[in-house]
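# Tertiary structure, described
Given next are the chains, with one letter for each unit.
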Amino acid sequence: KGIQIDLTENKIYSLSKGSQQIAKSLKQPIKLHLFFSESNSSGMTTIRDYKVRIESLLKEYQRLSNGKINIEVIDPEPFSEAEDRAASFGLTAASTGVGQDTLYFGLAGINSLDDELIIGFFDPQKEAFIEYEISRLLYQLNNPEMVNLTVVSDLQITGGFDPLSGQYTTAFALYQQLTEMFEVTVINSSEQTIPEKTQ
């Protein structure tokens, strides 16, 4: 009791140090509602196994949160209040392809200010990103006001028109991820000062 060992090859039930820090540093209570269609997923072994993994990860966040995270698992049965609730959060109702049944498998998070954030659907094909998605949701609920971040770079990380090639370029993936969590300002190395709003 109180001891956990992850014997899986890729430590799939363990959180990275960054995610552990996010869970431990929560300043306010956060409610997590995991919606999963039990009856409509009958026989779908892959998705049901994936649900077990998601639930295990959430419980690990909860364990590290010093009581700040509360988890509720909800089965949004067809034509139920739970299904209406899943729809009201904006979760994705995926088609099972069987009798036009729909499958809910998403997460809704609410902080003490009633701010809401969701992961619309846990896609097994994007399994490599689930910890990042959950940690981002928790971080944003814990920090509803975006921190101002300044990036110093001479590269065109924001994308746009490149006069040298005469083509439009897309923003760097790193920049796109930063803008999801921070208010980002980009300056080049010739600037003498950093914007005052930088935190």
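Above this note sits the structure.
So, here's what we can say about the structure. (Residues numbered from 1 in each chain as written. Predicted model: local features only at pLDDT ≥ 70, side-chain atom pairs only at ≥ 80, totals over all residues. Heavy atoms only, no water.)

On to the nonpolar core. Formed by 34 residues in total, the largest nonpolar core has its most connected members in Leu32, Ile54, Phe105, Phe122 and Leu138. When residues of this core are traced back to their parent elements, those giving at least two are helix H1 (17-24), strand E1 (30-36), helix H2 (45-64), strand E4 (102-111), helix H4 (130-142), helix H5 (173-181) and strand E9 (182-187). Broken down by element, this core gets its largest block of residues, seven residues, from H2. In this structure leucine 32 touches Leu58, Ile69, Asn70, Ile71, Glu72, Leu107, Ala108, Gly109, Leu137 and Leu138, once residues within four positions along its chain are discounted. Phe35, Ile74, Ala86 and Ile110 belong to the second largest nonpolar core, which has nine residues in total. (Core = buried A, V, L, I, M, F, W, Y, C linked by side-chain atoms within 4.5 Å. Buried < 20%, exposed > 50% of the residue type's maximum accessible area, 1.4 Å probe, protein only. Helix = DSSP H or I, 4+ residues; strand = E, 2+ residues; numbered from the N terminus. Contact = heavy atoms within 4.5 Å.)

Following the criterion strictly, the structure yields seven salt bridges and no others. Here arginine 48 ties to glutamate 38 by a salt bridge, and the two come within 3.0 Å at their closest N and O atoms. Of this pair, arginine 48 sits in helix H2 while glutamate 38 sits in the loop between E1 and H2; the two residues are 10 residues apart in sequence, bridging distant segments of the chain. Classification of arginine 48 as partly exposed rests on a relative accessible area of 31%. We classify glutamate 38 as partly exposed; its relative accessible area is 29%. Among the ionic pairs, glutamate 127 bridges to arginine 53, the shortest N-O distance being 2.5 Å. With a gap of 74 residues between them, glutamate 127 in the loop between strand E5 (116-119) and H4 and arginine 53 in helix H2 connect regions that are remote in the sequence. The class for glutamate 127 is partly exposed, based on a relative accessible area of 32%. (Salt bridge = Lys/Arg side-chain N within 4 Å of Asp/Glu carboxyl O.)

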